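# Breakdown of the fold
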Amino acid sequence: MKKFISICLALTLLLSVFCFTASAKDEYTEEELNNLTDASELLGDEDDPEDMIQNNDYDDDDGDDIPDELPDNAVQVTVSILDVTPNHIVYMIDQDYITGDEVKDTFVTINGVKYQSSYISSYDAADGVVDEGVIAEAEFSANIGDIVTTHFIMIDDTDIDEKAEVEEGEDEVLIDICDVNHAVFYYVSDTDPLKSAELTVGGRKVSFTKCNSEKYNDEYDIDSFEYGYVYQAKYKTTCNAIVTATVKTQKGYTYTHTAKAVDTKPKISLDPFTAGDTVLSGSTRAESTVTIKAGGKTFKTKADKKGKFSKKIIAVKTNGKVIVSVKTTTNSTASKTLTVKKTVGKATISGKISKSSKKLTVKLTNAKVGDIVKVTVGNKKYSAKVKKAAASTSVSVKIKGQKKGDKISVVYTDKFKTVKASVKGKVN
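If you're wondering where the values come from, they're calculated on a predicted model, not measured in any experiment.

Quick look at a negative patch on the surface now. There is a patch of like negative charges on the surface, built from Asp176, Glu214, Asp218, Glu219, Asp221 and Asp223. Per-element accounting of the negative patch gives the leading share, three residues, to helix 5 (residues 214–219). By the element assignment, Asp221 lies in the loop between helix 5 and strand 18 (227–234). Judged by relative accessible area, which is 44%, Asp221 ranks as partly exposed.

In this section: the environment of Glu137. Tracing the chain through its elements places Glu137 in strand 10 (residues 135–139). Among the residues examined, Glu137 registers a relative accessible area of 23% and is labelled partly exposed. Here the alpha-carbon distance between Glu137 and Val84, two residues 53 residues apart in the chain, equals 9.6 Å. With residues near it in sequence (within four places) discarded, Glu137 still touches His88, Ile89, Val90, Tyr91, Ser117, Ser118 and Ile120. A distance of 2.8 Å separates polar atoms of two side chains, one belonging to Glu137 and the other to His88.

Another aspect to go through is the confidence of the model for the protein. Across the protein, pLDDT averages 86, with 83% of residues at or above 70. Overall, residues 1–26 carries pLDDT values under 50, and its contacts beyond four positions in sequence, including any with other chains, amount to 35 contacts. Across residues 45–63, where pLDDT falls below 50, the model places 46 contacts with residues more than four positions away in sequence or in other chains.

In terms of nonpolar packing, the biggest core is built from 23 residues, with Ile175, Cys178, Phe185, Leu199, Tyr235 and Val243 touching the most fellow members. Counting residues per element, the ones that place at least two in this core are strand 13 (173–178), strand 14 (182–189), strand 15 (194–201), strand 18, strand 19 (242–249) and strand 20 (254–260). Among all residues touching Ile175, those that are not within four sequence positions of it are Val184, Phe185, Val243, Thr244, Ala245, His257, Thr258 and Ala259.

Conventions and cut-offs
- Residues numbered from 1 in each chain as written.
- Predicted model: local features only at pLDDT ≥ 70, side-chain atom pairs only at ≥ 80, totals over all residues.
- Heavy atoms only, no water.
- Patch = residues over 30% accessible without salt bridge, like charges linked within 9 Å, V, L, I, M, F, W, Y side chains within 5 Å.
- Areas by Shrake-Rupley, 256 points an atom, 1.4 Å probe, with all protein chains shown as cover.
- Salt bridge = Lys/Arg side-chain N within 4 Å of Asp/Glu carboxyl O.
- Lys, Arg positive; Asp, Glu negative; His and termini not counted.
- Charge placed at Lys NZ, Arg CZ, Asp CG, Glu CD.
- Helix = DSSP H or I, 4+ residues; strand = E, 2+ residues; numbered from the N terminus.
- Buried < 20%, exposed > 50% of the residue type's maximum accessible area, 1.4 Å probe, protein only.
- Contact = heavy atoms within 4.5 Å.
- Polar contact = N/O pair within 3.5 Å; in protein donor to acceptor, adjacent residues only side chain to side chain.
- pLDDT = per-residue confidence, 0-100.
- Core = buried A, V, L, I, M, F, W, Y, C linked by side-chain atoms within 4.5 Å.

Here it is, written out as structure tokens:
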């Protein structure tokens, strides 16, 4: 190509020694003029006319730095930016007939600071591999919004420059789960691998681990990206604490995402509560407000500093529902529904009953206030209610007129007449 251009230029000079190209005002813009270089210098012709353009020093009679006439062999050189990131740029000369032999030096400048460039043989661009022409790259440290100016210094000392702005990256980091106990954040990209990651909770750094489980891979579709990272952290903080995830990439981008820690649902633990019970107790988060709905009525109490609570409520029959709701000091809520179970007890006839006995005593276990004891002796019926409950309770009924051999039947029920136990006997 170089030899071909030299031949063409020689023929042109022979045919038109004193002829020049038309006015630059008709053929070139001012920006294009700045990128014109001396073809004789680039192509090695030592016998060029003295009026060849050199070093971008253009002057006309009007003093506007634009020549009235240009030499026949003036060459326009343009530059393309192939890629620019906060720490790297790749750029090239567009004209493929210009080789590295025609370039004296190349570098970039950012905010007045110079960074030397190096040549590369090819670059894998988004739309294909570029492997022809003069390609250069440079490394540096720039901020988003900085202007990077590339320079190709040609052998005639012409400075061919082009500017590019460092723009924000296309990727991002996201905090997906963020509460007072733990967080999950992730970064995915098709073009830019991760260099480092950091998580702060309330201004302090916390440790985290990489998640490799299939659950996270499927949830965040990790396999569909070239680079995918999912992390989780465990900690203790307060509601609305600021949680910030920061990642830095190989291309020099920094991505951040900030979220507020939300309160988790408080746990509710209830002590055993069966039919006939009138006190409900349990535990939850400290100082939470506890609301209990039972038997169509509502009862309220508050958990102590250890989270314990206890409240006297109405008795509920077997299979009835008790709903316990909790609201924490940070307005996080939770509820739990309790299905009341049957109270199981035992009934035992105390001693022997004869035709002269004046009373019949029944020993009960797991008795509740309001439980009922029904006694049948022969064809006579008696009943009594439990007035005081204890681990072991006795209830007596007065009897009379029984005969030897009469059958005795005792049925022990709760206040809702659900049978808790029964026993049989006879008069001796």
